[in-house]
Structure formats: C-alpha cells, structure tokens
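Spelled out, the chains give:
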Amino acid sequence: METVPQFFRAGPSPQVRLFFFVLLSILLMVMDTRFNSFSEIRQTVGMIIYPLQRLAHIPTALYDQAGELINDFRLTKEIASLRQQYFFNQQKLFRLQMLEEENAQLRALLGAARQTEAKAIMAEILYVPRDPFNRKVTLNKGSFSEIEAGQVVVDNLGVIGQITQVHPWLSEVTLITDKDHAVPVQVARNGLRSIVSGAGKNNELELRYLSVNADIQKGDLLITSGIGGVYPPGLPVARVENIEHDRSRGFAHIKCTPIAGVNRSRQVLILSLSSPAPKQPEEEPRSAAPQEKQRRSRVQ
Amino acid sequence: MSNDYLGQELPLEAKSSFIFFSLLIALLFNLLPLQEIILLLRPDFVAITLLYWSVNHPQRIGMSLAFIAGLVMDVSNSSILGQHALAYCLITFFGMILHRRLRLFNVFQQAPQILWMLLITQFAVFLTGMLGGTYFLDWYYFLPSVTGALLWPVISFLLGIPQKPKSDPNEL
C-alpha cells in the first residue's frame, strides 16, 4: 500500500498545499502590516517588474505623442498667450523679489529663522494601481534622481501627497486622500490649526477633530501649516465643502475637497524636504536620528 | 452535454515557457495605466490566466507559481504583501479541485462557474484589506469579477491556441 508507483505520485494534496500557502501569506501580511519589515523585498521585486511597468506605459505615451502632434498647429496661438502671461507674471515676480528681500530684512530684524526655498524635481505619474481603493500612484523618478521617502508631491494647484516608498527608478506616492494619510493644515482665513486626513474616497478629505464651535465656514481654504517640518508652509491643500453638526458627537463632521488635481494631473513636482528636521538633543545617540525621521514621515 | 464533452479535442501538453509568457502578458495588462471607469471594470487578468491553467493543465502549474505571481501583484499594487498571493493560491486551489467537473462543460457554460470563483477570491482580497484597515465596501468593487467571467471564453480561446492538435485526428 505504501509504495505508490512514481507515475501516480502527485505530491501533497491540494488541500495541504493551500493550507501551507494560506499560512505563509497570512504570516507575510501580519509581518507587513504590523512590523513594516519588507521594504527590501518590495524594492527588489519592484526592480524586477520595472521593465514591465515601462512597457505597460508605452501605449499611453504613444497616445500622448500622437495628441501632441495633432496639437502642434495650435502651438503658435499658445505661444502668444504664454508670452502674454509671461510678461504678466514677470511683473508679479519683480514684486515677489522685492517682497522676499523685504521679508528677509524683516526676519533678520526679528531674528527669526530664514525660510528656505524648496528645490523641486519634475516627475510624471507612471502608473495608478489596479485596486480603486488604493490611493497611491507611482512616479517615474526614484532614488537615482535623489528622491527620498517623506518628500512632498505637489502639482500646479496644491498638495497631492507624499513619497512613501522609493525604488531605484520609481517612487510611490501616497495621495492625501488615502485613509491613513494626514496633513497638518491651518485655515487660511483665521489661522486655525488642525489636521486634515483622507477619507479613503475619491476627492474627499476630512477634518476629524475640530470641535463643534470651531470657527470654520463652508468655502474656507486650508493651507499647510508647516508644523511637523515635512510640508513647507503655505501650500493649498483643500477647500471646506460641507459642515455637519451632529449634536450627539463632540466633533463637527467636516468634509473637504482637495484643491490639487489629485487624480487628474499627469505631471507633478517633488519638493525636497523643506527644512532639515529639528536637531536632536545632544545626548541621544546618532543612530536614532534616521529612524525618527522615517517614523515621522509615515505619521504625517 | 455529454456529446459536447466527447466532441472535445484532446489538447496538447502546454509548454511551461508559454505558461510563463502568458502570465507575463496578463501582468502587463494588469499594469496598464487606465482611467476611472475602465479601472473599475478591469478584470484581474493574472487571476483569470492562473485559473485557466489550473483548470486545463493542472499538472503544469503549481500553487507556488500562483503565490509568486501574487507577491509581484502586491508589490506593483503597493497593497499588503501577501494579499493577492493568498487570493491567487485560493483560485488555483479551486481550479485544481474542480477541473474535472469544469471540463465537462464548454467555455460559455463554464463562465458562470468562473464568476463564483472570481467573486470568492475578490472577497478574500477585500477581507484581508479590510482587516488591514484600508478598505470599505461598495457594490462596484465586485464588478471586475463579472467582466472577468464575461471575458473567460475569449481568454480561454486565446490561451488554448498553442495547445490545438497540429494534425487532423481523422486524417487516417
């Protein structure tokens, strides 16, 4: 009975194999969600599938190029309007320069820290995940273009999200609409500080912990407050869309819509970390610093 | 129906290089950057391809291959590592235990049964995602299974082409 001929031997039964692999994947999931311990594996697999991702991008790239060719004859018009805009902006720029100098002088008078200008790298959205609930996108620049985790991604209108995973040629952005993503903001009208977090839905953000009597109105603009050191201050984030006062709860239910084209724009800017993280107290060992930075960037 | 089954041709043994190639192509389809509605409707091509091979050539495909494909999918989707791996193992399991029964039917009769398998695997993805805390339920989440089942005849026809017997069995 024990000696099954070689021909009929099929290895362990499907049930046993399924049990093994289910256990293995549950183990992986627990390790991944609880301890975040697989960034190296993700990076290597990401590198292996990078050519495939580029290949999948070719049709859209071709389509874009064809569209550009068709658009060529409109270019003269566009150049004219852009030139006009340029002169218009030039004037604003002079004013800005003047204001910047004035600001620097005033800050010097006050003895405040200088505001540093953030460097920006242009990148393109390469790929949106298959899963419609996953509020992440992949960009075509990675650690070879000196992208780091924690950097802020904006478009021409406002904040889009934050880099959370860096591969050599790619990087992943968690959008501000992600359920686990929060941005420190303040109301532009009165400087009220709060934290806006994603609702996990398309085009929706929430202000979760503002009390019922907080001074906030429909249509208020939320800008980054710069607290926490990750987001540079003053970037537009969202506009208040709807305020609901539920008497049974201590907090108002405030819905906002993001200002940036979180799922519209193709080209984005990656801002370098605006200010270096505040210095650690001297007595702490040096090795603790990078860990601290990573943790913070995940939180915000 | 039994006539249907008797009329079927015996397929040739699939080449493992072709299986691998088909999985690569399916992955490529899954990676296509798409817009809103098509993104919601896009079936999971890797799952369907794995199901095709486990139904039609269960000896040529193992659960380990499904597991690896799932891991690759997880990384490219930036979801929890192991989420799709679990789902793909489930779908190969279903294909393996039900392949004898499924092959009694023609591809159009297979499609509704495929729908149930796809729904169960999607539910597994959904469940793990919900436990991980990033998901919430909406009816359109399960639409890709329906489109997947509708595409099943097309996909099984395309994947079956290289296994067609080269010579006419009635030749002699």
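Residues numbered from 1 in each chain as written. Chains lettered and ligands numbered in written order. Predicted model: local features only at pLDDT ≥ 70, side-chain atom pairs only at ≥ 80, totals over all residues.

Caption draft 1: Quick look at the overall build of chain B. A tally of helices and strands in chain B yields eight helices and zero strands. Going from the N terminus to the C terminus, chain B shows its helices and strands as α-α-α-α-α-α-α-α. Here chain B holds 172 residues, and the buried ones make up 42% of them. Summarising the internal contacts of chain B: among those between residues at least 6 apart in sequence, 70% fall at separations of at least 24. (Helix = DSSP H or I, 4+ residues; strand = E, 2+ residues; numbered from the N terminus. Buried ≥ 20, exposed ≤ 12 C-beta atoms within 10 Å, placed from the backbone. Contact = placed C-beta atoms within 7 Å.)

Caption draft 2: Layout of the interface of chain B and chain A. Counting residues at the interface gives 33 residues for chain B, matched by 36 residues for chain A. Among the elements of the structure, α2 (16-31), α3 (36-41), α5 (63-77), α6 (83-102) and α7 (107-132) of chain B are those that each provide at least two residues to the side of chain B that touches chain A. In the side of chain B that touches chain A, the residues fall into 22 nonpolar, 10 polar and one charged. (Nonpolar A, V, L, I, M, F, W, Y, C, P; charged D, E, K, R; others polar.)

Caption draft 3: How the structure looks around the packing of α7(B) against helix α8 (residues 143-160) of chain B. All names here are of chain B. The interhelical angle for the contact between α7 and α8, taken along N-to-C directions, is 140 degrees, at an axis separation of 8 Å. Classified by the angle between their axes, α7 and α8 sit oblique to one another. Of the two elements, α7 crosses α8, and the hand of that crossing is right-handed. Residue-level inspection shows V107, F108, Q110, A111, P112, I114, L115, L118, L119 and Q122 of α7 in contact with α8, the latter providing P144, S145, V146, G148, A149, L150, W152, P153 and S156. Among the residues forming the contact of α7 with α8, the class breakdown is 14 nonpolar, five polar and no charged. (Axes fitted to C-alpha atoms, helices over the stretch in contact; angles between N-to-C directions. Parallel < 35°, antiparallel > 145°, perpendicular 65-115°, else oblique. Left-handed = near helix turned anticlockwise from the far one by under 90°.)

Caption draft 4: A look at the pairing of strand β9 (residues 221-224) of chain A. Here strand β6 (residues 182-187) of chain A runs beside β9(A); their pairing, made up of three bridges, is antiparallel. By the bridge assignment, V187(A) is partnered in β9(A) with L222(A). (Pairing = 2+ DSSP bridges.)

Caption draft 5: Representation of the confidence of the model for chain A in the model. Here chain A shows a mean pLDDT of 79. Residues at 70 or above account for 82%. Note that pLDDT drops below 50 for residues 286-300 of chain A; the model gives that stretch 14 contacts with residues more than four away or on any other chain. (pLDDT = per-residue confidence, 0-100.)

Caption draft 6: Representation of the sheet that holds strand β7 (residues 193-198) of chain A within the structure. All names here are of chain A. One closed barrel accounts for six strands, arranged β6-β7-β8-β11-β10-β9; its pairing is antiparallel. Going from strand to strand, the sheet's axes swing by 40 degrees on average, the running direction of each strand aside. Two elements, β6 and β7, share five bridges in a ladder whose sense is antiparallel. Directly across from V183, in β7, lies its bridge partner V196.

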